[in-house]
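The lines below spell out each chain.
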Amino acid sequence: MFGDDVVMLSRMQFGLTALYHFLFVPLTLGMTFILGIMESVYVMTGKEVYKDMTKYWGKLFGINFAMGVTTGLTLEFQFGTNWAYYSHYVGDIFGPLLASEGWMAFFLESTFVGLFFFGWDKLTKVQHLVVTWLLAVGTSLSALWILIANGWMQYPVGAEFNYETLRMEMTSFAAVILNPVAQVKFVHTVAAGYVTGSMFVLGISSWYLLNNRDIGFARRSFSIASAFGLASVLSVIVLGDESGYTQGETQKAKLAAIEAEWQTEEAPASFTLFGFPNQAEQRTDYAVKIPYLLGLIATRSVNEEVKGLKELREDNLVRIKGGMQAYGELQKLRGGDHSVATQQAFAEHKADLGYGLLLKKYTEKVVDADAATIAKAADDALPKVAPLFWTFRIMVACGFTMLFVFALSFYYCATRVADQKRWLLRMAFWSIPLPWIAAETGWFVAEFGRQPWTISGILPTHLSVSSLSSGQLWFSIGGFALFYTVLLVIELYLMVKYVRIGPSSLHTGRYCHEQVSYGSH
Amino acid sequence: MFDYETMRVVWWLFIGVVAIAFALTEGFDFGVCTLLPWVGKTDVERRVIINTVGATWEGNQVWLVLLGGAIFAVWPAVYATLFSGLYVAMLLVLFALFFRPAGFDYRSKVSDPRWRNAWDWGLFIGGTLPPVLLGVLVGNLLLGLPFHFDQDLRVHYDGSFWGLLSPFALLCGVVSLLASTFHGALFLKWRTEGAVHDRATQAVQVLGPLLLAGLAVATMWVFAGLDRPEITAMAATNAPSNPFNKTVVAVGSGWWAHFMALPVMLVAPVLGFSGIALAWLLGRRKRQALPLAFLFSSLGLVGLLLTVGFGLYPFLLISTSDPQSSLTLWDASSSHTTLLWAFWITVVFLPIVLLYTRWVYRILWGSLTEASVLKDSHTLY
């Protein structure tokens, strides 16, 4: 119905703007918590250096936060501008989650962020501390609501199709909020944010230590970051494993693609550590496998199977045929035939309606699809293996590398020799990009792994777009490319500038560029 | 009491409340940014101006975000139609808003005057283009938009970006800009002293009469020159949301007759005009009168938005190319369950948000002077 180019360009624009937004979100999530911790130490001990730490890392946080606000606005606009049919089809469920995010999170963080920066002289110590923690809570609540919304896209519960309004409607708000996928995603993502903030502080502090400047300031920052980072990276890994378990229940195709499990193996399935997925021949070349592991991760048992792609495709064929029936009955209902028989027939197949809609890519009428078309749609309903297989492994590798870095940093910090281990400091500095690589690849696994759906099993991506022309899309993509490139250059310039100046930017007279003799205090 | 019909009306009112909160708070943020390059001559003066809104603009912007989110939640069809139909206009608003977070936060982090000057103009764009385009949008809400739904309830827009820029809509854009700038000038005058204060006074003096004149022309234009469609038959007010369950004629008995059907609605335009007139009269006087002047300017904006809402009722979006596709509060809403949940969340969180916003404003309140900016040069924007 639309040119494929409109669908392709809409996906490209959404992917790029979401990935770009996600450069700033994890750092905001992590930094607000680290600021809360630093300021808590300040209030408890009364040592000025912790106040300086809160203010200085707060400056870097502010540079990042401005970009998060800028690019977050895009996403809210974009559901309507580029995914209008999606917005209409599932607005009944998705909309209130976004509105709740506004009420509970955006107001909290955006109102208190100003007071965090400008309230130092106008509030008592404890009042300001409360403001900082409210800011942290606000950012994490924001993640909670958007991940409940995203969790619903991955695993849509608590909603039903209404043939009178031709859209999905909420049946249980509680089911939507308590969605197991959303809960696991939330903790995994937020903890990943804390890791990002920790690595950022750890790496930059290491750089100061390597340059023998602002030692006392950097050493204290280093120790907070290493402790918080270690706790967070452990949570990310444990919760990532928990994600694997819920995926085994709820997102079988994504899990099978990540693991390149072409066929159902005898339980318990082995875990493919490494290999080269070969989509054409449906096998993994040079696979290195660990016996039993996948079965254990995905089913928490030794006798349940993990379904392979071939079997999932068979399931899809059945559901597509059910979807054709559902679509046929829906046409009758829309034509005015509201007889009990038709209603019952529709109710029986309505769960498969989304699979019927997959056929719309090939035939407008759906019900007239032949066997070859159905087969093509069944292929479409499975994600591509190689991109998921690789991005997942990159994410996991980054996660374990960071675990190693944080564990060593924490150990040497606890034994009070961290600033003499120059190799450790260098490693921590060069690890700064890792959390971002992990976050971006993790986003890709979650979202690309859901394809070809925007709402799993309910609404195919190619139907979700707005009725736009490719010219309009090129206009917007051009605009985003221009603004985002310029803004990124500016942001990085300021970030590097303020990292180089360091805590001297506070003009307290206590730090390296302001003193004749360098040293700790 | 919480039946579907009532919830639909309640949400029509709530969206109005959020739109009003947006206009009142972002109104002066926009206005202050529009005035920035003209009222501030030196760098320090400009920093005074920026810092009158610097600490609070972000919370204010959430009213815009929430307005979008709430429309998405309770009128998904309206959200889908407006944002995709007015694609280019919406993206221009978005791009203009991009200038603000970075403009506020980054401007004073580098001392090069070219850098600062460039961001000042960025803030000017971010404060000027959105009210103009949103005014054009309101004009087009009154004129109606060319869109239709197909059998799958997929919305198709039948016009172009240039089609939005009719003379009436452009007048609305100008009026909207004058209103935000007037509101912002009063705010700036209230929060500052010295040269900035004096120039803001001049702005208030000039903008007040222009705004009143623009409003008068636009109002007469609506009553005398615009068609208003009318619903001739519709499903029950608690029926499932589907725009095709009604019949609409493109030309009904008109806007004046609509107001006359329930003349108490005329309170809204009267409040709009008198509020702004009083704000202008008081805003020219001494400092003590400024809080009251700002209050009247706010009441004026409330009156103007209510006028638009009352005028459109029960329509939310009028379609000119397929009148039956027009959306009303009865056939564009979310399900009863969703409206109820959104209702309770709003009832709980609206007062909380208002309370802490008030607290934050109270803490940060106080006149800004060049001396105070220089004293906190390294912490202020």
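Residues numbered from 1 in each chain as written. Chains lettered and ligands numbered in written order. Predicted model: local features only at pLDDT ≥ 70, side-chain atom pairs only at ≥ 80, totals over all residues. Heavy atoms only, no water.

### Some thoughts on the packing of helix 10 (residues 267-283) of chain B against helix 11 (residues 290-312) of chain B
Residue and element names in this part refer to chain B.
Reasoning step 1: Close contact between helix 10 and helix 11 brings their axes to 7 Å; oriented N to C, the two are set at 160°. In terms of their interaxial angle, helix 10 and helix 11 are classed as roughly antiparallel. Judged by the twist between their axes, the crossing of helix 10 over helix 11 is left-handed.
Reasoning step 2: A breakdown of the residues in the contact of helix 10 with helix 11 according to their chemical character gives 16 nonpolar, seven polar and no charged. (Axes fitted to C-alpha atoms, helices over the stretch in contact; angles between N-to-C directions. Helix = DSSP H or I, 4+ residues; strand = E, 2+ residues; numbered from the N terminus. Parallel < 35°, antiparallel > 145°, perpendicular 65-115°, else oblique. Left-handed = near helix turned anticlockwise from the far one by under 90°. Nonpolar A, V, L, I, M, F, W, Y, C, P; charged D, E, K, R; others polar.)

### Some points on the packing of aromatic side chains
Reasoning step 1: A full pass over the atoms with the stated rule returns 86 aromatic pairs over all chains.
Reasoning step 2: Residues Phe79(A) and Tyr86(A) carry aromatic rings whose centres are separated by 6.1 Å and whose planes lie at 20° to one another, so their mutual orientation is stacked. For the pair Phe79(A) and Tyr86(A), a shared accessibility class is recorded, and that class is buried.
Reasoning step 3: On the numbers, 5.9 Å between centres and 35° between planes, the contact of Tyr89(A) with Phe161(A) is tilted. With Tyr89(A) in helix 4 (residues 84-118) and Phe161(A) in strand 1 (residues 159-162), this residue pair connects regions lying 72 residues apart in the sequence. The same class applies to Tyr89(A) as to Phe161(A), namely buried.
Reasoning step 4: Cluster of aromatic residues (ring-pair linked, three or more members): Phe14(A), Phe77(A), Phe79(A), Trp83(A), Tyr86(A), Phe94(A), Phe72(B), Tyr79(B) and Phe83(B). (Phe/Tyr/Trp six-rings, centres within 6.5 Å; stacked < 30°, edge-to-face > 60°. Buried < 20%, exposed > 50% of the residue type's maximum accessible area, 1.4 Å probe, protein only.)

### Structural notes on the interface of chain B and chain A
One frequent convention defines the size of an interface as the accessible area lost when the parts assemble.
Reasoning step 1: Counting from both sides, the interface comprises 71 residues of chain B and, opposite them, 81 residues of chain A.
Reasoning step 2: Taken over both partners, the interface formed by chain B and chain A buries close to 7,000 Å², and the fraction arising from carbon and sulfur atoms is 72%.
Reasoning step 3: Three residues stand out in chain B for area buried against chain A, namely Tyr87(B), Phe98(B) and Arg154(B), and they jointly supply 11% of the buried area on that side.
Reasoning step 4: Along the contact surface separating chain B from chain A lie two salt bridges.
Reasoning step 5: Asp152(B) serves as the salt-bridge partner of Lys360(A), at 3.3 Å between the closest nitrogen and oxygen.
Reasoning step 6: Across the chain B-chain A interface, the total number found is 26 residue pairs in polar contact (both at pLDDT 80 or more).
Reasoning step 7: Where the side of chain B that touches chain A is concerned, the elements lending two or more residues are helix 3 (57-74), helix 4 (76-85), helix 5 (87-106), helix 6 (113-143), strand 2 (155-157) and helix 12 (336-364) of chain B.
Reasoning step 8: Here the element with the most residues in the side of chain B that touches chain A is helix 5 of chain B; it accounts for 15 residues.
Reasoning step 9: Considered class by class, the residues forming the side of chain B that touches chain A number 45 nonpolar, 20 polar and six charged. (Contact = heavy atoms within 4.5 Å. Buried area = accessible area lost by both parts, 1.4 Å probe. Salt bridge = Lys/Arg side-chain N within 4 Å of Asp/Glu carboxyl O. Polar contact = N/O pair within 3.5 Å; in protein donor to acceptor, adjacent residues only side chain to side chain.)

### Description of the confidence of the model for chain A
Reasoning step 1: Mean pLDDT over chain A works out to 90, with 98% of the residues at or above the 70 mark.
Reasoning step 2: Low pLDDT, under 50, characterises residues 516-521 of chain A; the predicted model gives this stretch eight contacts beyond four residues in sequence or across chains. (pLDDT = per-residue confidence, 0-100.)

### Quick word on the side chain of Thr181(B)
Residues and elements named next belong to chain B.
Reasoning step 1: Residue placement: Thr181 occurs in helix 7 (residues 167-191).
Reasoning step 2: Residue classification places Thr181 among the buried positions, given a relative accessible area of 6%.
Reasoning step 3: A distance of 2.5 Å separates a polar atom in the side chain of Thr181 from the backbone oxygen of Leu177.
Reasoning step 4: Apart from residues no more than four positions distant in its own chain, Thr181 is found in contact with Gly31, Thr34, Leu35 and Leu207.

### Quick word on the side chain of Thr52(B)
All names here are of chain B.
Reasoning step 1: Position of Thr52 among the secondary structure elements: in helix 2 (residues 43-53).
Reasoning step 2: Using a relative accessible area of 2% as the deciding quantity, one classes Thr52 as buried.
Reasoning step 3: Non-local contacts of Thr52, meaning those with residues more than four positions away in its chain, are made with Val32, Phe187, Leu188, Arg191, Thr192 and Leu368.

### A short note on unusual backbone geometry
Reasoning step 1: For the bond from Gln451(A) to Pro452(A), the omega torsion is 10°, close enough to zero to count as cis.
Reasoning step 2: On the secondary structure map, Pro452(A) appears in the loop between helix 17 (434-448) and strand 5 (453-455).
Reasoning step 3: With an omega of 0°, the peptide bond running from Tyr313(B) to Pro314(B) counts as cis.
Reasoning step 4: Looking at where Pro314(B) falls in the secondary structure, it is placed in the loop between helix 11 and strand 5 (315-317).
Reasoning step 5: The backbone of Arg416(A) sits at a positive phi, close to 60°, despite the residue not being glycine.
Reasoning step 6: The exposed category is assigned to Arg416(A), whose relative accessible area is 71%.

### Some details on empty space enclosed by the protein
Reasoning step 1: On inspection of all chains with the given rule, the structure shows eight cavities of 30 Å³ or more.
Reasoning step 2: As a volume, the largest cavity reaches approximately 150 Å³.
Reasoning step 3: Taken together, 15 residues line the largest cavity, and the ones lying closest to its centre are Tyr85(A), Tyr89(A), Arg334(A), Leu357(A) and Asp152(B).
Reasoning step 4: At the level of secondary structure, the elements contributing two or more residues to the lining of the largest cavity comprise helix 4, helix 11 (309-334) and helix 13 (353-357) of chain A.
Reasoning step 5: When residues of the lining of the largest cavity are assigned to their parent elements, the largest contribution, three residues, is made by helix 11 of chain A.
Reasoning step 6: Residues of the lining of the largest cavity, tallied by class, amount to 11 nonpolar, no polar and four charged.
Reasoning step 7: Lining the second largest cavity are Leu86(B), Ala89(B), Met90(B), Val93(B), Leu133(B), Leu134(B), Val136(B), Leu137(B), Asn140(B), Phe161(B), Leu164(B) and Leu165(B).
Reasoning step 8: Looking at the lining of the second largest cavity, the element that brings in the most residues is helix 6 of chain B, giving five residues.
Reasoning step 9: Its residues placed into classes, the lining of the second largest cavity shows 11 nonpolar, one polar and no charged. (1 Å grid on protein atoms, 1.4 Å probe; cavity = no way out; pocket = protein on both sides within 12 Å on 5 of 7 lines; lining within 4 Å. Points joined across faces, edges and corners; volume = space filled by probe spheres on them.)

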